[in-house]
Structures are given as C-alpha cells and as structure tokens.
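Chain and residue survey
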Amino acid sequence: MSVSTDVATGPESVFDWIDTRAEARAKAGLTRRVRPRPAGSAELDLASNDYLGLARDKRVTGAAAAAALRWGAGSTGSRLVTGSTELHTELEYELANFCGAQAALVFSSGYAANLGALTALSGPGTAIVADQHIHASLIDGTRLSKADVVAAGHLDVPQVAHALATRGKRRALVVTDSVFSVDGDLAPLAELAATCRAHGSALVVDDAHGLGVVGEGGRGAVHAAGLAKAPDVVTTVTLSKSLGAQGGAVLGPSRVIRHLVDTARTFIFDTGLAPGSAAAALAALKVLREEPDRPARALDVAQDLAFRLRDKGFQVNTPAAAVVSVRAPSPEAAVAWAEACRERGVVVGCFRPPSVPDQVSRLRLTARADLTEADVDRAVRVISETGASAGAVSRPR
C-alpha cells in the first residue's frame, strides 16, 4: 500500500526536516557544538567530572599505559568472548570490596551499565517507579524495559509509596540517582529503601556522582546509607568521574550479578572495557584507599564555591557532593555567561533544556579535590563578574 505525501521525495530533500529542527533549536538558544580541547591548557576546569583530580595523576595514567602495552589497546571482543582480562576480574573484586557489595560487573560505560541493569531486572511483568530527575541513561533504560513506568515527584517518597501500593504488576523497581547530576541534591536513600521493603520492591540507585565523594572514604551514598550489602538494592556507578578513567559497573547481590551476565544485552553484545581503562580505574581505587581525605576536600571546595557565589547574590544549590548549580535567567543567558567565563579562562558547564528536567538553565560547576584556594578565588571572581553582565544576580549583596 503506497503512502501519498506532499513533500519532495528526491534524495537531496530526504533530510530537509533536520534543517527545520536546527532552525528551531537555534531560535530557542539550544544549539550545541563539540569543542575539542588541547592536551594542555591554562584554563581552569570547572566543567569536567574529575572530582578527585585523578584523570591526569601519573599513578593512574601510568597504569593505563602499562596495561595497553601488555594487553593491547582494546579488549578485542565482548566480555563473554575475548573481552574479559584478568584486569576486569580484579577491578570487579576491588570495586565490590571497596563499596561493600557482594559482587560487581564492569561495563564499557556508566550509560551501558544503567541500560543493562534496568532492562535485565524488569520487563513486561514489572512496574518501575522513577524519580522525575533521573539521568538520561536511566530514562532510556526505563523506555527499553517494556515495564509499566511511573514518574514520581523529585525526592517525593510518599508519591513513590503510593505508586508502589497501586501498581498493577507483581514485581517492582524504584529507580533513583543518589546525587542528582543537575543540582547535586541527595536522594533520601534510607527512606526509599524502607518504602521499597514495605511494598516488596527492589531499589536501583545510580551512584555515579556519589562514588568517590560521598560517605566514608568516598565509598558512595549507598554505602553511607547502610545499603551496600542489602539483598534488595542494586547500585550502578561510573568509572569516569571520581576514578578519572572510563567505564561503568553494577554492584549488588551475587545472584543479581550472575543474572546480568546471562541477560544484560549491553554486557553480552558490547565490546568489553579497554584494558587501559580497567587498569586506570584500579589504580585510582588504590589512590583513594591510600588518600581517604580527597573526597572531603572535593566536598569542601564545592561548599566553599556555593557559599561564596550565594553571598554574591546568585541562586546556588547547597551541594551534597561535588556538583554546584548556579541558576541562569534563560538558555541564551546561560550560553553567553558560560562563554564569557571561558574567554576569561574559566571553563564551566552550561545546562539547558532539554538536558534539565525542570527546564531551568544553569551553570554547572564541578569541584575538584586538587583545586587550590587561588583557583577558587579566581573562579568566584570570574563567575561573579560575568554573571552580573548576564543578568544572573537574583538579589543585591
């Protein structure tokens, strides 16, 4: 059966709709661009997720280089074929041991870990109750899960309880970030776990922004909440933030990890994490064990940035980890503000719709354990002076 259309069907016009969408994004101030960075730069980095300052630590980069020379540049296949090395097994053991979990499974990215965990632990017979502000990778996991999905209000435990109590499926998952990536606020994990247990649900926590910053020695928000060994809690993490490497992992009960090996498509069909990245994460974990004050330093820097910018009249979150969020009056103002900061040598994140669930544009600053007092002074000065020009000051000093 043919479909009649009024649009041109020549090969040159097939993607004309892309131009229309691009024009709409440009008018809304939502155009994005890839900006390659040089290997060395005098810019002050407040945009990366290198919370502990380990991405360039010679112990970490040296381990990555040595592993590449020994094992090769890539893992050469999926984890179930040739992609698992002794480094992967060691990393899984060390991650589980450090975070207090029974077992761990390493994926090629945190995104893949979230997709794999949610799709393998749910399905048509499952109800998923997710916080409205969960990360995009978790959202995509719920979409692929074929489960019944309900979005609960941000940090709203009573709404979660109501959704679980009225669900139409026997099995249930509650899904949340531990530290939310936009505003850096902390989920009430103990309350959520109690609510899950009252309603026979599992809890899945993305601890990407908690690992390395929150809790004893940076063991993460799940460990801090006393849930690391819980039989009904599954944690996902990334190796690309506090550990300065690349990759992701799922931690939890041993039977859950065995189930993922058999059923998680992003584990079974994806090429395994490169040996260099596995070795880098292992080295970073060792540094974290040997230097347990790094997480507290990152949190101190975040709180100092937030306090001083708030004192300048900006709307700033109260950071529970290393994320500092400074509100901008519009997407266009956020872009101009971030660009003005860059022109003065301070690189900041710029978050705009649709990346932000509440549709509020922000500068997103990330604190690092290796920032000096002079770095913080410089950041506050530049952000304050450029922010005033961008109209972001919400109250007089």
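Per an unreviewed UniProt entry, the chain carries the name 8-amino-7-oxononanoate synthase and comes from Saccharothrix australiensis. Its UniProt record gives the chain a comment under Cofactor (unreviewed entry), which states: "pyridoxal 5'-phosphate". Listed in UniProt under the heading Pathway (unreviewed entry), the comment for the chain reads: "Cofactor biosynthesis; biotin biosynthesis."

Helix and strand counts for the chain come out as 14 helices and 11 strands. Taken over the C-alpha trace, the chain has a radius of gyration of 22 Å; the compact-globule value for 397 residues is 21 Å, and the two agree within 12%. Along the longest, intermediate and shortest principal axes, the C-alpha atoms of the chain span 65 × 55 × 50 Å. Per-residue burial for the chain yields a buried fraction of 51% across its 397 residues. The contacts in the chain between residues at least 6 apart in sequence include a share of 72% that link residues at least 24 apart.

With that settled, consider the domain arrangement of the chain. Segmenting the chain into domains produces domain 1 (58–290) and domain 2 (293–389). Placing a centre on the C-alpha atoms of domain 1 and another on those of domain 2 gives a separation of 27 Å. Across the boundary between the two partners, domain 1 contributes 17 residues, which contact 15 residues of domain 2. Taken together, the two surfaces of domain 1 and domain 2 that pack against each other cover about 1300 Å², and 63% of this comes from carbon and sulfur. On the domain 1 side of the interface with domain 2, the three residues burying the most area are Val-182, Asp-183 and Val-213, jointly 47% of the side's total. Remark: the boundary between domain 1 and domain 2 carries one salt bridge.

Next up on the list: the sheet that holds strand S2 (residues 103–107). Strand order in the open sheet made by the seven strands is S2-S8-S7-S6-S5-S3-S4, with mixed pairing throughout. Two strands bound the open sheet, and with one partner strand each, they are S2 and strand S4 (148–152). Taking the axes of each pair of neighbouring strands and ignoring which way they run, one obtains an average angle of 20° across the sheet. Bridge count between strand S5 (residues 171–177) and strand S6 (residues 202–206): five bridges; the pairing is parallel. Paired with Val-174 across the strands is Leu-203, a residue of S6. Here helix H7 (residues 189–198) sits on the sheet in contact with S5, S6 and strand S7 (233–238), set at roughly 155° to S6.

Leu-203, Val-326, Val-348 and Ile-383 are the most contacted members of the largest nonpolar core, which has 55 residues in total. Beyond its immediate stretch of four places on either side in the chain, Ile-383 contacts Leu-46, Leu-309, Phe-314, Trp-337, Cys-341, Val-348 and Leu-365. Grouped together as the second largest cluster of nonpolar side chains are 33 residues, Val-60, Ala-67, Val-237 and Leu-239 included.

Using the criterion set out here, one finds 15 salt bridges in the structure. Across the salt bridge formed by Arg-362 and Asp-183, the nearest N and O atoms sit 3.0 Å from each other. With Arg-362 in strand S11 (residues 362–366) and Asp-183 in the loop between S5 and H7, the pair connects residues that are 179 residues apart, well separated along the chain. Arg-362 gets classed as buried once you look at its relative accessible area, which sits at 1%. Here Arg-294 ties to Glu-291 by a salt bridge, and the two come within 2.6 Å at their closest N and O atoms. For Arg-294, a relative accessible area of 17% translates into the label buried. The network of salt bridges with shared partners includes Asp-57, Arg-59, Glu-291 and Arg-294.

This part covers the environment of Trp-17. Assignment of secondary structure puts Trp-17 in helix H1 (residues 16–27). Through-space distance from the C-alpha of Trp-17 to that of Ala-221 is 44 Å; in sequence the pair is 204 residues apart.

What follows deals with the side chain of Ser-122. Note that Ser-122 resides in the loop between helix H4 (110–120) and strand S3 (126–131). A relative accessible area of 11% places Ser-122 in the buried class. In this structure the side chain of Ser-122 is engaged in a polar contact, spanning 2.5 Å, whose partner is the backbone oxygen of Leu-118. If we ignore the near neighbours within four places in the chain, the residues touching Ser-122 are Ile-128, Ser-145, Ala-147, Arg-171 and Leu-173.

Reading the values: rules and limits
- Residues numbered from 1 in each chain as written.
- Predicted model: local features only at pLDDT ≥ 70, side-chain atom pairs only at ≥ 80, totals over all residues.
- Heavy atoms only, no water.
- UniProt positions renumbered as here; feature names shortened; annotations may be inferred.
- Helix = DSSP H or I, 4+ residues; strand = E, 2+ residues; numbered from the N terminus.
- Rg over C-alpha atoms; globule rule 2.2 N^0.38 Å.
- Buried < 20%, exposed > 50% of the residue type's maximum accessible area, 1.4 Å probe, protein only.
- Contact = heavy atoms within 4.5 Å.
- Domains from an automatic or database assignment.
- Buried area = accessible area lost by both parts, 1.4 Å probe.
- Salt bridge = Lys/Arg side-chain N within 4 Å of Asp/Glu carboxyl O.
- Pairing = 2+ DSSP bridges.
- Axes fitted to C-alpha atoms, helices over the stretch in contact; angles between N-to-C directions.
- Core = buried A, V, L, I, M, F, W, Y, C linked by side-chain atoms within 4.5 Å.
- Polar contact = N/O pair within 3.5 Å; in protein donor to acceptor, adjacent residues only side chain to side chain.

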